[in-house]
Amino acid sequence: MEVGFLGLGIMGKAMAMNLLKNGFKVTVWNRTLAKCEELVEFGATIGDTPAAVVKKCNITVAILSDPSAALSVVFDKDGVLEQIGSGKGYIDMSTVDDDTSSKIHKAVTAKGGSFLEAPVSGSKKPAEDGQLVILAAGDEALYEEAIPAFDVLGKKSFFLGHVGNGAKMKLVVNMIMGSMMNAFSEGLVLAERSGLNPHALLDVLDLGGIANPMFRLKGPTMIQNNYSPAFPLKHQQKDMRLALALGDENAVSMPAAAAANEAFKKARSMELGDLDFSAVHEIVKIHKSSS
Ligand SMILES: NC(=O)C1=CN([C@@H]2O[C@H](COP(=O)(O)OP(=O)(O)OC[C@H]3O[C@@H](n4cnc5c(N)ncnc54)[C@H](OP(=O)(O)O)[C@@H]3O)[C@@H](O)[C@H]2O)C=CC1
Ligand SMILES: O=CC(=O)O
């Protein structure tokens, strides 16, 4: 199966590599074209523009940073729309809001192409291990066609119905995750400042009803102040912002998420946006020491 792949950031690079290692022919494009070279070593072909990739491949996947990047790659000069058409499918796996996804859906289908949104849950390591959770919605025939690729990229795919449902599901999940990360950061700082061993806290948490892989994975590195990026903090803040907008639309009060968003925003203002989202821990430390 031949697949086009747009966007070779933390997630895209790992996902495209998995497809190559599993026998897919992959044509890649990235805004910073130099990032394509490593994949060429594993057999990828480079497309000079998103349009060139779509022209070559019947299915093109994208995973880009945010709504503005997702729209730019489709609508700008040399973008996806220039070559999409009958018999061609476009699958956007970026985390965006349902409005962005709907705009792309309308434009792609107006040109005769088919569209699926398919954001993913799971970070750098699950992407490397082909263990993502895929939250697809849109064209069901394209979903069926993409299953061999989804089986390589993920441990489970969901088809959630019409366009927007995948985007919304992803935002709800990440809103919960961002709020949990803030509560976890506060707990680590509170334990340490009140004279407890934070490693003991991790052991206690891991044996109780709120044990989870995120605390298990991030706790030890957070205690060491190591925030090497797996999920960049700027993307988590974008997800909180988009989830809060979804809350506005639906009149859902989300004070915990709003507070978490403020902490991520503060972290961005301190230029921590390119670090892992667990760097929000630093914000709690500052607040506590200045009080
Ligand atoms: N990292 C994670 O753990 C997870 C991330 N996600 C989501 O997946 C998406 C990608 O995340 P991730 O790989 O971590 O992000 P990165 O920041 O590592 O990569 C972002 C990608 O988007 C490209 N890009 C940014 N702006 C533009 C633009 N204007 N035009 C074209 N390309 C652009 C970048 O190109 P360039 O290299 O040129 O900068 C790069 O390829 C995001 O929506 C994120 O929320 C979802 C699940 C987990
Ligand atoms: O979007 C991030 C993730 O870990 O999932």
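Residues numbered from 1 in each chain as written. Chains lettered and ligands numbered in written order. Predicted model: local features only at pLDDT ≥ 70, side-chain atom pairs only at ≥ 80, totals over all residues. Heavy atoms only, no water.

- The name an unreviewed UniProt entry assigns to the protein is Glyoxylate/succinic semialdehyde reductase 1, from the organism Tripterygium wilfordii.
- The Function (unreviewed entry) comment attached to the protein in UniProt states, word for word, "Catalyzes the NADPH-dependent reduction of glyoxylate to glycolate as well as succinic semialdehyde (SSA) to gamma-hydroxybutyrate in vitro. May function in redox homeostasis and play a role in oxidative stress tolerance by detoxifying glyoxylate and SSA generated in glycolate metabolism and GABA metabolism, respectively."
- Taken from UniProt, the Sequence similarities (unreviewed entry) comment for the protein reads in full: "Belongs to the HIBADH-related family. NP60 subfamily." (UniProt positions renumbered as here; feature names shortened; annotations may be inferred.)

## Observations regarding the UniProt feature "active site" (unreviewed entry) in the protein
Next up, step 1: The positions UniProt marks with the feature "active site" (unreviewed entry) are Lys170.
Next up, step 2: Residue placement: Lys170 occurs in helix α8 (residues 165-193).
Next up, step 3: Contact partners of Lys170, with chain neighbours within four places excluded, come to Thr95, Pro119, Val120, Ser121 and Leu135. (Helix = DSSP H or I, 4+ residues; strand = E, 2+ residues; numbered from the N terminus. Contact = heavy atoms within 4.5 Å.)

## Some words on a nonpolar patch on the surface
Next up, step 1: Residues Leu33, Val40 and Ile46 make up a contiguous nonpolar surface patch of roughly 190 Å² in combined accessible area.
Next up, step 2: Here Leu33 is to be found in the loop between β2 (25-29) and α2 (37-40).
Next up, step 3: Residue classification places Leu33 among the partly exposed residues on the basis of a relative accessible area of 37%. (Patch = residues over 30% accessible without salt bridge, like charges linked within 9 Å, V, L, I, M, F, W, Y side chains within 5 Å. Areas by Shrake-Rupley, 256 points an atom, 1.4 Å probe, with all protein chains shown as cover. Salt bridge = Lys/Arg side-chain N within 4 Å of Asp/Glu carboxyl O. Buried < 20%, exposed > 50% of the residue type's maximum accessible area, 1.4 Å probe, protein only.)

## Brief notes about the nonpolar core
Next up, step 1: Phe5, Met15, Leu19, Ile91, Met93 and Phe150 are the most contacted members of the largest nonpolar core, which totals 35 residues.
Next up, step 2: Elements supplying a minimum of two residues to this core: β1 (2-6), α1 (10-21), β2, β4 (59-62), β8 (132-138) and α7 (140-153).
Next up, step 3: For Met93, the contacting residues outside a window of four places in its chain are Met15, Val61, Ala62, Ile63, Ala118, Pro119, Val120, Ile134, Phe150 and Leu153.
Next up, step 4: Membership of the second largest hydrophobic core comes to 28 residues, among which are Leu188, Phe215, Ala257 and Phe264. (Core = buried A, V, L, I, M, F, W, Y, C linked by side-chain atoms within 4.5 Å.)

## A word on the site of ligand 1
Next up, step 1: Residues in close proximity to ligand 1 total 26 residues, the closest being Asn30, Thr32, Lys35, Ser123 and Lys238.
Next up, step 2: Contacts to ligand 1 include Met11, whose backbone N or O atom sits 2.8 Å from an oxygen atom.
Next up, step 3: Expressed as a share of its isolated accessible area of 900 Å², the protein-covered part of ligand 1 is 89%.
Next up, step 4: Considered class by class, the residues forming the shell around ligand 1 number twelve nonpolar, nine polar and five charged. (Near = heavy atom within 4 Å. Polar contact = N/O pair within 3.5 Å; in protein donor to acceptor, adjacent residues only side chain to side chain. Nonpolar A, V, L, I, M, F, W, Y, C, P; charged D, E, K, R; others polar.)

## Quick word on the packing of aromatic side chains
Next up, step 1: Applying the stated rule across the entire model yields five aromatic pairs.
Next up, step 2: Ring geometry for Tyr143 and Phe150: centres 6.0 Å apart, planes at 50°, overall tilted. The pair formed by Tyr143 and Phe150 is uniform in burial state, with each residue classed as buried.
Next up, step 3: Consider the rings of Tyr143 and Phe159, whose centres lie 5.1 Å apart with planes at 45°: the pair is tilted. Linking Tyr143 in helix α7 with Phe159 in strand β9 (residues 154-159), this pair joins segments that are 16 residues apart in sequence. (Phe/Tyr/Trp six-rings, centres within 6.5 Å; stacked < 30°, edge-to-face > 60°.)

## Thoughts on the pattern of salt bridges
Next up, step 1: According to the stated counting rule, one finds eleven salt bridges in the structure shown.
Next up, step 2: Between Lys13 and Glu38 there is a salt bridge, with the nearest N and O atoms lying 3.0 Å from each other. Of this pair, Lys13 sits in helix α1 while Glu38 sits in helix α2, and the two are 25 residues apart along the sequence.
Next up, step 3: Residue classification places Glu38 among the partly exposed positions, given a relative accessible area of 35%.
Next up, step 4: Put simply, Lys285 and Glu282 hold a salt bridge, and the shortest N to O gap is 2.9 Å. Of the two residues, Lys285 and Glu282 are both situated in helix α13 (residues 281-290); the distance of three residues between them amounts to about one turn of the helix.

## Description of the site of ligand 2
Next up, step 1: Around ligand 2, the neighbouring residues are Ser121, Gly122, Ser123, Lys170, Asn174, Met177 and Phe231.
Next up, step 2: Contacts to ligand 2 include Gly122, whose backbone N or O atom sits 2.8 Å from an oxygen atom.
Next up, step 3: The contact in question runs from an oxygen atom of ligand 2 to an N or O atom on the side chain of Asn174, over 2.8 Å.
Next up, step 4: Taking 200 Å² as the accessible area of ligand 2 by itself, protein coverage stands at 89%.
Next up, step 5: A per-element tally of the shell around ligand 2 places α8 first, with three residues.
Next up, step 6: Among the residues making up the shell around ligand 2, the classes are represented as two nonpolar, four polar and one charged.
Next up, step 7: Mapped onto the domain boundaries, the shell around ligand 2 takes at least three residues apiece from domain 1 (2-162) and domain 2 (168-285). (Domains from an automatic or database assignment.)

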